[in-house]
Structures are given as C-alpha cells and as structure tokens.
Amino acid sequence: MLLVVVCLLFGCEDKHKKMQEEIQTRKEQLKHHQDSALEASQQEVQRLDEKLQRVNRQYEQMKRKAEQAHAAGTATYKQLSDVTKMRVHRDSLQTQFDVLCAKIKYIRKRQKE
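Residues numbered from 1 in each chain as written. Predicted model: local features only at pLDDT ≥ 70, side-chain atom pairs only at ≥ 80, totals over all residues. Heavy atoms only, no water.

A. Just helix 2 (residues 77-112), in detail. Here helix 2 contains 36 residues, and its C-alpha end-to-end distance of 53 Å stays within 8% of the 52 Å for a straight helix at 1.5 Å per residue. Regarding helix 2, the residues found buried are Ser81, Val83, Met86, Arg90, Leu93, Phe97, Leu100, Ile104 and Ile107. (Helix = DSSP H or I, 4+ residues; strand = E, 2+ residues; numbered from the N terminus. Expected span 1.5 Å × (residues − 1). Buried < 20%, exposed > 50% of the residue type's maximum accessible area, 1.4 Å probe, protein only.)

Okay, structure coming up:
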C-alpha cells in the first residue's frame, strides 16, 4: 500500500514538473509573440503616419482649391467629388492608424501584467 502511495506521489510530482515546464515555455512564446507583434505594429504605425500626413496635405490643398472654385462659382462636380473621395481616404487611414495605436497600447498593457 505504501509503495502505491509513493508511486502516485512521484507520478504527480513528475507531471507537475512537466506542466510547469510547459507553462514556462508558453510564457516565453507569448512574450516573443507580443514583442514581434509590437514591433510590426510600430513599424506599420510609422508608415501609416507618414502616409496620413501626406494625404492630409493633399486633402487640404484640394479642399482649399475646391472652396475657392465654389466661391467663384466655377467648381466642377469632379473637383468636389475628388475632394470627398480624398476625405474618405484620409478618414480610412486615420481609422487604421487609431486601431494600430490601440493595438500597441493593448500589447504594452498585457506585457506589464
């Protein structure tokens, strides 16, 4: 009877040790995954930021020209439509930028835990 109890205890201890090793491995994999996702997201944010600034400048120029043409009564449908399309494109980029920033914030929060 004592031999059975000892065997069970050793078996539990061995299983516990394996589980702890697996947990540690998963923690290391999670850290690696978070680090790589964070780095990729930061690079994407930088790329999007540059593109967003460029599109903002283009939009502002197009908007000014369209407003001047509208005030002069010479604005065309195409010109106004292009301004609207550029604004939609800008807003889309801004949404992508905001989502990536939130993702980075979330990853950093999880890394602190």
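B. The environment of Asp91, seen in detail. Position of Asp91 relative to the elements: it lies in helix 2. On the basis of relative accessibility, which here comes to 37%, the residue Asp91 falls in the partly exposed class.

C. Fine view of the pattern of salt bridges. Summed over the entire model, instances satisfying the criterion amount to 5 salt bridges. Ionic pairing is found between Asp82 and Lys78, a salt bridge with its closest N-O pair at 3.0 Å. Highlighted residues: Asp82 and Lys78, both in helix 2, separated by 4 residues, approximately one helical turn. The class of Lys78 is exposed, set by a relative accessible area of 56%. Two residues, Glu113 and Arg110, come together in a salt bridge whose shortest N-O distance is 3.7 Å. (Salt bridge = Lys/Arg side-chain N within 4 Å of Asp/Glu carboxyl O.)

D. Expanded view of the environment of Arg64. Within the secondary structure layout, Arg64 lies in helix 1 (residues 2-72). A relative accessible area of 45% places Arg64 in the partly exposed class. For the pair Arg64 and Val83, spaced 19 residues apart in the sequence, the C-alpha separation amounts to 9.6 Å.

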